[in-house]
Amino acid sequence: MLENIDWLLIREIISCVLILTGVLFMLISTLGLLRLPDFYIRMSAITKGTTLGLGLILSGMGIYFNQPDILLKVLAIIVFSFITAPVAAHVVGRTAVQNKIPFWDRTKTKELNEYLEQENLGEHVNRDKYIEDLKKKKKNAPGNQ
Amino acid sequence: MKTFVFHFIVAFTATYLFFSQADLPIPYNAETTTAMFLGILTLLWLSALFYNKSYFRKLPKAINLLLYFLKELFLANIKVAFDIVTPHYYMRPTIIALPLTVKSDLEITLLANIITLTPGTLSIDVRKDKKILFLHALYVKDDDIEQLKNYIKHGFERRILELTA
Amino acid sequence: MNLFQVTLTIAMVALSLCLVLTAVRFAIGPTLPDRITAFDLFVANVIGMIAIYTEFTGNEDFIDVAMILSLFGFLGSISFAYYIMRITK
């Protein structure tokens, strides 16, 4: 009974499903990178989508080859990306807050404002205000005349 | 933790030595090696009942945390993907100051990493005295910040505290 | 050409489209952190493409390339973040 089953076909089908799901997540997160309104929202959407998509694609590859050494390497890549992706996101997000990258105008920043004022960072929390300031700076710049 | 690393190395070496001999009774592929590795690890875990009780208790909790984390990751992704594909924005982004119960650096790193990867939240900054973690949350229902705080506190922080206590 | 190869081709095309769209964000991104995010996504896309190419050809040596690339992508985004922190202080 067990010899009649084509194991290669089953592995191919599982691998196909995993790869298609992973590629779908990657595509959606790339679309999100293009059309979401604010840097922080983009960042939090991208980190999740990419990590999950990459994990699904790589595990699909590991299942297709069915060899221990490849499975080990794939697991190493997955664990590494699951550890490093949030760390990189945290570092970039922290840098963005300290560099006054503006928030979306619908974002509620009540609990952050106190902290920002304490650190002398709270000038441009609002995106509209930031754009107005940019325009004023451009008007006042001496190179424009 | 030390016990787990020791058991992992022992199981890995045993599996490697078994499969590097000349004539094998079972085929050499990923399924058999993984099954043998997990089997040896389970046997060692059962043997830990006699000399390391805390490791015997903590390993199921660690696996529970891992499964819960994977489930949350998948659900968060589907939520964000739905919001990206449909033209209307359902998100209400909010900055949250989350008071931390966890103390050591390892626990804070673990919690911040898990929070970044799960439900629509991104950890932005830790205050210098390591007592408050700032989050950027996408989905806050009806401006109810306390509910989200409670959700994170009872979901992830409790499990991490159980693991490292 | 069986079903499996068709799937791999579709995945490859979709990932190439991802690369192009990410390049658009890299070009228009209003601030520097936006560009770092796009760079991160570049690296992830290329790792996915390497994985699918490995399945296409059956050549197992390319997985090592993916491992090294994931290492260098992390190093790249971290060093860019510190660079921004340095130039604005």
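Residues numbered from 1 in each chain as written. Chains lettered and ligands numbered in written order. Predicted model: local features only at pLDDT ≥ 70, side-chain atom pairs only at ≥ 80, totals over all residues. Heavy atoms only, no water.

Draft legend 1. Broad picture of the layout of surface pockets. All names here are of chain B. Looking at the second largest pocket, its volume works out to about 350 Å³. In this structure, the second largest pocket is lined by twelve residues; those nearest its centre are Lys79, Tyr139, Lys141, Leu148 and Tyr151. Among the elements of the structure, helix H3 (53–85) and helix H5 (145–164) are those that each provide at least two residues to the lining of the second largest pocket. Per element, the largest residue contribution to the lining of the second largest pocket is four residues, and it comes from H3. Here the residues of the lining of the second largest pocket are counted per class, giving seven nonpolar, one polar and four charged. (1 Å grid on protein atoms, 1.4 Å probe; cavity = no way out; pocket = protein on both sides within 12 Å on 5 of 7 lines; lining within 4 Å. Points joined across faces, edges and corners; volume = space filled by probe spheres on them. Helix = DSSP H or I, 4+ residues; strand = E, 2+ residues; numbered from the N terminus. Nonpolar A, V, L, I, M, F, W, Y, C, P; charged D, E, K, R; others polar.)

Draft legend 2. Representation of empty space enclosed by the protein within the structure. Applying the stated criterion to the full structure yields three cavities of 30 Å³ or more. Counted as a void, the largest cavity has a volume near 320 Å³. In terms of lining, the largest cavity is formed by 22 residues, of which the most central are Thr50, Thr84 and Ala85 of chain A together with Asp40 and Ala44 of chain C. Mapped by element, the contributors of at least two residues to the lining of the largest cavity are helix H2 (39–65) and helix H3 (68–98) of chain A together with helix H2 (32–57) and helix H3 (62–87) of chain C. Of the residues belonging to the lining of the largest cavity, the class tally is twelve nonpolar, nine polar and one charged.

Draft legend 3. Examining the packing of H2 of chain C against H3 of chain C more closely. Residues and elements named next belong to chain C. Contact geometry for H2 and H3: axes closest at 9 Å, N-to-C directions at 180°. When the axis of H2 is compared with that of H3, the two are roughly antiparallel. Contact with H2, carried on its side by Leu32, Pro33, Ile36, Phe39, Asp40, Val43, Val46, Ile47, Ile50, Tyr53 and Thr54, involves Phe62, Ile63, Val65, Ala66, Leu69, Ser70, Gly73, Gly76, Ser77, Phe80, Ala81 and Ile84 of H3 and no other residues of that element. Each residue belonging to the contact of H2 with H3 can be placed in one class, and the counts come to 17 nonpolar, five polar and one charged. (Axes fitted to C-alpha atoms, helices over the stretch in contact; angles between N-to-C directions. Parallel < 35°, antiparallel > 145°, perpendicular 65-115°, else oblique. Contact = heavy atoms within 4.5 Å.)

Draft legend 4. Just the packing of aromatic side chains, in detail. Under the defined criterion, the tally for this structure stands at twelve aromatic pairs over all chains. Between Phe25 of chain A and Phe74 of chain B, the aromatic rings sit 5.9 Å apart at their centres with planes inclined by 80°, giving edge-to-face as the arrangement. Taken together, the residues span two chains, with Phe25 of chain A in helix H1 (residues 7–35) and Phe74 of chain B in helix H3. Relative accessible area serves as the criterion here: at 10%, Phe25 of chain A is assigned to the buried category. (Phe/Tyr/Trp six-rings, centres within 6.5 Å; stacked < 30°, edge-to-face > 60°. Buried < 20%, exposed > 50% of the residue type's maximum accessible area, 1.4 Å probe, protein only.)

Draft legend 5. Quick look at the UniProt feature "transmembrane region" (unreviewed entry) in chain B. Following the UniProt record, the feature "transmembrane region" (unreviewed entry) maps to residues 32–51 of chain B here. Span residues 32–51 of chain B is 80% helix and 0% strand, its end C-alpha atoms 29 Å apart. (UniProt positions renumbered as here; feature names shortened; annotations may be inferred.)

Draft legend 6. Summary view of the pattern of salt bridges. This model, assessed by the stated rule, comprises two salt bridges over all chains. Note that Asp34 of chain C is salt-bridged to Arg42 of chain A, the shortest N-O span being 2.7 Å. Taken together, the residues Asp34 of chain C in helix H2 and Arg42 of chain A in helix H2 connect one chain to another. In this structure, Lys73 of chain A engages Asp64 of chain C in a salt bridge whose closest nitrogen and oxygen atoms are separated by 3.2 Å. One end of the pair, Lys73 of chain A, is in helix H3; the other, Asp64 of chain C, is in helix H3, on a second chain. Judged by relative accessible area, Lys73 of chain A falls into the partly exposed class, the value being 27%. (Salt bridge = Lys/Arg side-chain N within 4 Å of Asp/Glu carboxyl O.)

Draft legend 7. Spotlight on the environment of Thr118 of chain B. Residues and elements named next belong to chain B. Position of Thr118 relative to the elements: it lies in the loop between helix H4 (105–117) and strand S2 (121–126). Exposure remark for Thr118: the relative accessible area of 0% places this residue in the buried category. For the pair Thr118 and Phe74, spaced 44 residues apart in the sequence, the C-alpha separation amounts to 8.4 Å.

Draft legend 8. View of the interface of chain A and chain B. Taken together, the contact between chain A and chain B spans 43 residues of the former and 46 residues of the latter. Surface buried jointly by chain A and chain B totals about 3,900 Å² across both partners, of which 68% is contributed by carbon and sulfur atoms. Linking chain A to chain B there are zero salt bridges. Linking chain A to chain B there are three residue pairs in polar contact (both at pLDDT 80 or more). Elements with a minimum of two residues in the side of chain A that touches chain B: H1, H2, H3 and helix H4 (110–118) of chain A. Broken down by element, the residue count for the side of chain A that touches chain B peaks at 13 residues, all from H3 of chain A. Its residues placed into classes, the side of chain A that touches chain B shows 23 nonpolar, twelve polar and eight charged. (Buried area = accessible area lost by both parts, 1.4 Å probe. Polar contact = N/O pair within 3.5 Å; in protein donor to acceptor, adjacent residues only side chain to side chain.)

Draft legend 9. Representation of the pairing of strand S1 (residues 94–99) of chain B within the structure. Residue and element names in this part refer to chain B. In terms of burial, S1 is a largely internal element, five of the six residues being buried. Looking at chain direction, S1 and strand S3 (residues 132–137) are connected through six bridges and run antiparallel. Its bridge partner lying in S3, Ala97 is registered against Phe134. (Pairing = 2+ DSSP bridges.)

Draft legend 10. Just the sheet that holds S2 of chain B, in detail. Residue and element names in this part refer to chain B. With respect to topology, three strands assemble into an open sheet ordered S1-S3-S2, the strand pairing being antiparallel. In this open sheet, the two edge strands, each paired with only one partner strand, are S1 and S2. Mean inter-strand twist for the sheet, computed between neighbouring axes without regard to direction, equals 30°. The strands touched by H4 are S1, S2 and S3; relative to S2, the strand with the most contacts, the crossing angle is about 145°.

Draft legend 11. How the structure looks around the UniProt feature "transmembrane region" (unreviewed entry) in chain C. As annotated by UniProt and renumbered to match this structure, "transmembrane region" (unreviewed entry) occupies residues 6–24, 36–53 and 65–85 of chain C. Annotation note: span residues 65–85 of chain C, helix share 100%, strand share 0%, distance between end C-alpha atoms 30 Å.

Draft legend 12. Region of the structure containing the interface of chain A and chain C. Tallying the contact residues gives 41 residues for chain A and 43 residues for chain C. Across the chain A/chain C interface, buried area totals approximately 3,900 Å², and carbon plus sulfur atoms make up 79% of it. For the interface between chain A and chain C, the tally reads two salt bridges. Taken together, the links from chain A to chain C amount to five residue pairs in polar contact (both at pLDDT 80 or more). Among the elements of the structure, H1, H2 and H3 of chain A are those that each provide at least two residues to the side of chain A that touches chain C. Broken down by class, the residue content of the side of chain A that touches chain C amounts to 28 nonpolar, nine polar and four charged.

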